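# Topology and contacts: notes
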Amino acid sequence: MPRALITGITGQDGSYLTELLLDKGYEVHGIVRRTSSLDRSRLDHLYSDPNIYGKRLFLHYAELNDSTTLRRILNKTSPEEIYHLAGQSHVGLSFEIAESTCEMTAMGTLRLLEMIRDLPSPPRFFHAASSEIFGEPKESPQDEETPFSPVNPYGAAKAFITNMVSISRRAFKLFACNGILFNHESPRRGENFVTRKICHAAAAIKLGRQTELLLGDTSAKRDWGDARDYVRGMWLALHHETPEDFIFATGKLHSVQDVVENAFETAGLDWKKHVKQDQRFMRHSEPGRLVGNPAKAKRVLGWEAKNSFKNLIAEMTQAEIDILSAVQ
């Protein structure tokens, strides 16, 4: 039974990756922050299954800045694969907590890399990098050779550690990969991300729970894909014969306004009657045209995004309607 360790297992990507690995016959270990709430809703269906939890799925408490505990977990679990997904990943928030964003996202990952390097049999290592490393790219679409040019603290932290993963691969011969993930969503997206905020608001307005939605710049564009497609790419990257970096993206741009219109259409509402701009939600610095070129992932790994943007937003909105309808 192959054994994998996932940091950030309770997040959107971590929960889908856990399901994927369990389906493939893995024993899965996950790292959970000590300060995390007891709510593990994305894993509840697995956590409450006595045939899975404690037998093929195990959770361990640790912080990315706690080297002693991380080292102990690595020695105890002896994973063959590590999927590093944890970190402060909210771009807007990174301006307010820049120091802790860099500590968790950059230095926390570097500590983990250094520990892996010291193991007698280093596991294969996947790092979830971000399109935010490109910031204001001079070329579009972006591929694996595009220079980094971050415009926010989160992107800067990710740019640093993405480089360190590549350096570790070359200098220490680690099987270490960067998966440069463009924006990816799902019904499990965190509530503080704009896509989930929009889909939730459309559902709440439809059901009479709220009357309006306040947003910042709805003209901002992103390359939005489905998280379930992207975790499949993570696994494929670690099972390629050589460690390489890959772009995971759809190659298509959509605006926040497109999310609004698709979500409100799914809810059967006229968005013009409910959506208003609020200066409080305008970003300090907005990245440029971040759109990925996934040609290498398709050519080398046979990977491509399957779910469409419109289907994804409709699914997210319907999931919000179902959740709210079940709550009296």
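The structure this text deals with has already been given above.
I will try to describe carefully the structure that is included in this document. These numbers were taken from a predicted model, which means no experiment stands behind them. (Residues numbered from 1 in each chain as written. Predicted model: local features only at pLDDT ≥ 70, side-chain atom pairs only at ≥ 80, totals over all residues. Heavy atoms only, no water.)

### Some thoughts on the overall build of the protein
Here is the rule: A helix here means a DSSP run of H or I that spans at least four residues, while a strand means a run of E at least two residues long, and both kinds are numbered starting from the N terminus. C-alpha atoms define the radius of gyration, and 2.2 Å times the number of residues to the power 0.38 defines the globule rule. Buried residues are those whose accessible area, probed at 1.4 Å on protein chains only, stays under 20% of the maximum for their type, while exposed residues exceed 50% and partly exposed ones sit between those limits. Residue contacts are defined here by distance: any two heavy atoms, one from each residue, within 4.5 Å place the two residues in contact. Residue-level accessible areas treat just the shown protein chains as cover; the underlying method is Shrake-Rupley with a 1.4 Å probe. For the purpose of charge, His is not counted, nor are the chain termini; Lys and Arg are scored as positive and Asp and Glu as negative. By convention, the point assigned to a charge is CZ for Arg, NZ for Lys, CD for Glu and CG for Asp.
Per the secondary structure count, the protein includes 11 helices and 13 strands. Its C-alpha atoms give the protein a radius of gyration of 20 Å, near enough to 20 Å, the size a compact globule of 328 residues would have. Its C-alpha atoms put the protein at 60 × 50 × 40 Å along the principal axes. Sorting the 328 residues of the protein into buried and exposed places 52% on the buried side. The contacts of the protein with a sequence gap of at least 6 include a subset with a gap of at least 24, amounting to 79%. When the accessible surface of the protein is summed, it comes to about 14800 Å², and 50% of that surface belongs to carbon and sulfur atoms. Charged side chains of the protein number 41 positive and 42 negative; the gap between the two group centres comes to 2 Å.

### Comments concerning the packing of aromatic side chains
Filter applied, for reference: Here a pair means two rings of Phe, Tyr or Trp (six-membered ring of Trp) with centres within 6.5 Å. Their orientation is stacked below 30 degrees between planes, edge-to-face above 60, and tilted elsewhere. In this scheme, Lys NZ or Arg CZ marks a charge over a ring once it lies within 6 Å of the ring centre and within 35 degrees of the ring normal.
In the structure shown here, the tally under the stated rule is 8 aromatic pairs. For the pair Tyr83 and Phe126, a centre-to-centre distance of 6.3 Å together with 40° between the ring planes defines the contact as tilted. Of this pair, Tyr83 sits in strand β4 (residues 81-84) while Phe126 is found in strand β5 (residues 124-130), placing the two residues 43 residues apart along the sequence. Pair check on accessibility: Tyr83 and Phe126 agree, each one buried. Ring-pair connections join several aromatic residues into one group, and the members of that group are Tyr230, Phe246, Phe248 and Trp303. A cation over an aromatic ring shows up here: Arg189 above the ring of Phe193, its NZ or CZ 3.7 Å from the ring centre.

### Thoughts on the pattern of salt bridges
Selection rule: Note on definitions: salt bridges are taken to be side-chain nitrogens of Lys or Arg within 4 Å of carboxyl oxygens of Asp or Glu.
Summed over the entire model, instances satisfying the criterion amount to 15 salt bridges. Note that Glu114 is salt-bridged to Arg117, the shortest N-O span being 3.3 Å. Here the residue Glu114 and the residue Arg117 both occupy positions in helix α5 (residues 98-118), the gap between them amounting to 3 residues, near one helical turn. Measuring nitrogen to oxygen at the nearest pair gives 2.8 Å for the salt bridge that ties Arg189 to Glu185.

### What to know about the packing of helix α3 (residues 67-77) against α5
Cut-off, in case you're wondering: Helix axes are fitted to C-alpha atoms over the stretch in contact, other axes to C-alpha atoms as well, and angles between N-to-C directions run from 0 to 180 degrees. What sets the label is the angle itself: under 35 degrees gives roughly parallel, over 145 gives roughly antiparallel, 65 to 115 gives roughly perpendicular, and the rest give oblique. Crossing chirality is assigned from the near helix's rotation relative to the far helix, an anticlockwise turn below a right angle marking it left-handed and a clockwise turn marking it right-handed.
At their nearest, the axes of α3 and α5 sit 11 Å apart, and the two run at 45° to each other. Relative to α5, α3 is oriented oblique. At the point where α3 passes α5, the crossing takes the right-handed sense. Touching Ser67, Leu70, Arg71 and Leu74 of α3 are Arg111, Leu112 and Met115, all from α5.

### A word on the sheet that holds β5
This is how it is decided: Any two strands with at least two DSSP bridges between them are considered paired.
Reading across from one edge, β3-β2-β1-β4-β5-β6-β11 is the order of the 7 strands in this open sheet, with parallel pairing throughout. Strand pairing shows two members of the sheet lacking a second neighbour, β3 (57-61) and β11 (246-248), which therefore form its edges. The sheet shows a mean angle of 20° between the axes of neighbouring strands, direction not considered. With 6 bridges joining them, β5 and strand β6 (residues 176-181) adopt parallel strand pairing. Each residue of the ladder has a partner; that of Phe126, found in β6, is Cys177. Relative to the sheet, helix α1 (residues 12-23) contacts β1 (3-7), β2 (27-32), β3, β4 and β6, its axis offset from that of β1 by approximately 170°.

### Let's talk about the environment of Cys177
Mapped onto the secondary structure, Cys177 falls in strand β6. Considered as a pair, Cys177 and Ala128 are 49 residues apart in the sequence and their alpha carbons are 8.7 Å apart. Setting aside residues up to four positions removed in sequence, Cys177 forms contacts with Phe125, Phe126, His127, Val165, Arg169, Ala237, Leu238, Pro243, Glu244 and Asp245.

### Topic: the side chain of Gln142
Rule in force here: Pairs of N or O atoms within 3.5 Å make up the polar contacts considered here, provided that, within protein, one atom can donate a hydrogen while the other can accept it, and that residues adjacent in sequence are counted only when both atoms are side-chain atoms.
By the element assignment, Gln142 lies in the loop between β5 and α6 (153-172). Within the structure, the side chain of Gln142 is placed 3.0 Å from the backbone oxygen of Glu139, a separation counted as a polar contact. Excluding residues within four positions of it along the chain, Gln142 makes contact with Phe134, Pro137, Phe182, Ile247, Arg289, Leu290, Val291, Gly292 and Asn293.

### Details of the environment of Arg289
Note on placement: Arg289 falls in the loop between β13 (275-277) and α10 (295-301). As a C-alpha pair, Arg289 and Glu81 span 208 residues in sequence and 33 Å in three-dimensional space. Not counting chain neighbours up to four residues away, the residues in contact with Arg289 comprise Pro137, Ser140, Gln142 and Leu253.

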